[in-house]
Amino acid sequence: MPINVARIDDRLIHGQVITTWVKNYDIEQVLVINDKVANDKVQQSVLTMSAPAGLKVLVFGVQQFIEILKKTPIKKRTMLLFTNSIDVDVMVSAGLELEKLNVGGMRMQNGRHQLSRAVSVTPEEELAFKNLINKNVIVEVQMVPKDPIVLLKSLISNS
């Protein structure tokens with residue numbers, strides 16, 4: 001399955017994703033996995049319009065994508081784009097094979113605490129990250145490919 005990058009970035013498709021991640025990994029399609037976006041036609045069109053020509057952008061809800069994965073192998077060089085760790089944990093629990101997860105940005109909001117400059121989590125999101133790490137997914141915090149990689153497990157408490 002050619003998932004070349006799985007990334008959490010709550011801004012989804014933006015300049016940094018297009019200019020660095022998509023180019024560095026020669027991505028052919030970006031699959032946004034998010035229930036809220038899957039139910040928002042306006043946000044979907046903004047995402048598809050912000051992508052450069054030649055880059056396919058598709059949006060799926062979490063359960064919808066789980067069903068698609070059961071029937072359809074991914075053949076193109078693909079980036080999975082999520083907004084939170086809970087959705088990734090659900091996907092991995094449902095059978096998505098993921099060796100590595102890149103975490104770019106989860107902004108500070110009410111109910112979140114900061115793990116790093118760019119990553120803030122709710123208790124549920126932190127638990128989902130711990131679950132992923134326990135399932136042997138390497139979770140790396142890295143804004144752009146040239147930045148040093150920080151392993152998320154070094155930023156969260158083991159409690």
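For the structure given in this document, a descriptive report is provided here. Counting from 1, residues in each chain are numbered in the order their sequence is written. Residue-level local features of this predicted model are given only where pLDDT is at least 70; pairs of side-chain atoms are given and counted only at 80 or more, and the full residue set underlies all totals for whole chains, interfaces and linings. Note that water and hydrogens are dropped before the side-chain values are worked out from all heavy atoms of the structure.

## Let's talk about the overall build of the protein chain
When helices and strands are tallied, the protein chain shows six helices and nine strands. As defined in this context, the radius of gyration uses C-alpha atoms, and a globule is described by 2.2 Å times the residue total to the power 0.38. Scaling as 2.2 N^0.38, a compact globule of 159 residues should have a C-alpha radius of gyration of about 15 Å, and the protein chain matches this with 15 Å. Per-residue and other accessible areas follow the Shrake-Rupley method at a 1.4 Å probe size, with only the shown protein chains counted as cover for residues. Carbon together with sulfur atoms contributes 52% to the accessible area of the protein chain, which is approximately 8400 Å² in total. Both charge centroids of the protein chain, one from 19 positive and one from 16 negative side chains, sit 4 Å from each other. For helices the rule is a DSSP run of H or I covering at least 4 residues; for strands it is a run of E covering at least 2, with both sets numbered from the N terminus onward. Positive residues here are Lys and Arg, negative ones are Asp and Glu, while His and the chain termini are left out of the count. Taken as the charge centre is NZ of Lys, CZ of Arg, CG of Asp or CD of Glu, depending on the residue.

## Thoughts on the nonpolar core
Here, nonpolar core means buried Ala, Val, Leu, Ile, Met, Phe, Trp, Tyr and Cys residues that are tied together by side-chain atoms lying within 4.5 Å of each other. When accessible area is computed with a 1.4 Å probe and restricted to protein chains, residues below 20% of their type maximum are described as buried, those above 50% as exposed, and intermediate ones as partly exposed. Judged by nonpolar contacts, the single largest core of 33 residues is most densely connected at Leu-101, Val-103, Phe-129 and Val-139. Of all elements in the fold, only β1 (3-9), β2 (29-33), α4 (62-71), β4 (78-82), α5 (85-93), β5 (100-105), α6 (123-134) and β8 (138-141) reach the threshold of two or more residues within this core. Here, two residues are considered to be in contact whenever any of their heavy atoms come within 4.5 Å of each other. Once residues within four sequence positions are removed from consideration, Phe-129 is found in contact with Ile-8, Ser-85, Leu-101, Val-103, Met-106, Val-121, Val-139 and Leu-152. One finds Ile-13, Val-17, Ile-18 and Val-22 within the second-largest nonpolar core, a separate group that totals 19 residues.

## Comments concerning the pattern of salt bridges
We define a salt bridge as a side-chain nitrogen of Lys or Arg found within 4 Å of a carboxyl oxygen belonging to Asp or Glu. Within the structure shown, the criterion is met by eight salt bridges. For Arg-7, the salt bridge identified is with Asp-9, shortest N-O distance 3.0 Å. Relative accessible area serves as the criterion here: at 0%, Arg-7 is assigned to the buried category. On the basis of relative accessible area, Asp-9 is assigned to the buried category, the value being 0%. Among the ionic pairs, Glu-140 bridges to Lys-100, the shortest N-O distance being 3.9 Å. Placement of Glu-140 in strand β8 and of Lys-100 in strand β5 is noted, with a sequence separation of 40 residues between them. Several salt bridges converge on common partners, so that one network encompasses Arg-7, Asp-9 and Arg-11.

## Digging into the side chain of Glu-125
For Glu-125, the position within the fold is in helix α6. Between N or O atoms, a polar contact is any pair within 3.5 Å; within protein, one atom must be a potential hydrogen donor and the other a potential acceptor, and residues adjacent in sequence are included only when both atoms are from side chains. Polar side-chain contacts of Glu-125 include one of 2.7 Å to the side chain of Arg-112. Sequence-distant contacts of Glu-125, that is, excluding residues within four places in its chain, are made with Asn-84, Ser-85, Ile-86, Met-106, Arg-112 and Ser-120.

## Let's talk about the packing of α5 against α6
A fitted line through C-alpha atoms serves as each axis, taken over the contacting stretch for helices, and the angle formed by two N-to-C directions is quoted from 0 to 180°. Orientation of α5 relative to α6, taken along the N-to-C sense of each, is 35 degrees, at an axis distance of 8 Å. Seen from above, α5 lies across α6 with left-handed handedness. Contact residues: α5 offers Ser-85, Ile-86, Val-88, Asp-89 and Val-92, while α6 offers Glu-124, Glu-125, Ala-128, Phe-129, Asn-131 and Leu-132. Residue type decides the class: Asp, Glu, Lys and Arg count as charged, Ala, Val, Leu, Ile, Met, Phe, Trp, Tyr, Cys and Pro as nonpolar, and the leftover types, Gly among them, as polar. Partitioned by chemical class, the residues of the contact of α5 with α6 number six nonpolar, two polar and three charged. Whether a crossing is left-handed or right-handed is set by the direction in which the near helix is turned from the far one by less than a right angle, anticlockwise for left-handed and clockwise for right-handed.

## Topic: the packing of aromatic side chains
To pair, rings of Phe, Tyr and Trp, with the six-membered ring standing in for Trp, must have centres within 6.5 Å; the planes then decide the type, stacked if under 30 degrees apart, edge-to-face if over 60, and tilted in the middle. Applying the stated criterion across every chain yields a total of two aromatic pairs. When the centroid spacing of 6.0 Å and the interplanar angle of 10 degrees are considered together, the rings of Trp-21 and Tyr-25 count as stacked.

## Some details on the sheet that holds β4
Pairing between sheet strands relies on hydrogen bonds along the backbone, with the strands arranged either parallel or antiparallel. Two strands qualify as a pair provided DSSP detects at least 2 bridges between them. The seven strands lie next to each other as β3-β2-β4-β1-β5-β8-β9, forming an open sheet whose pairing is mixed. Because the sheet does not close on itself, it has two edges, and the strands there are β3 (56-60) and β9 (150-151). The pairing of β2 with β4 spans four bridges and is parallel. Bridge pairing links Leu-31 to Leu-80 in β4. Along the sheet, helix α1 (residues 15-24) contacts β1, β2, β4 and β5; its crossing angle with β1, the most-contacted strand, is approximately 155 degrees. Running over the sheet, α5 touches β1, β2, β4 and β5 and is turned about 125 degrees from β4.

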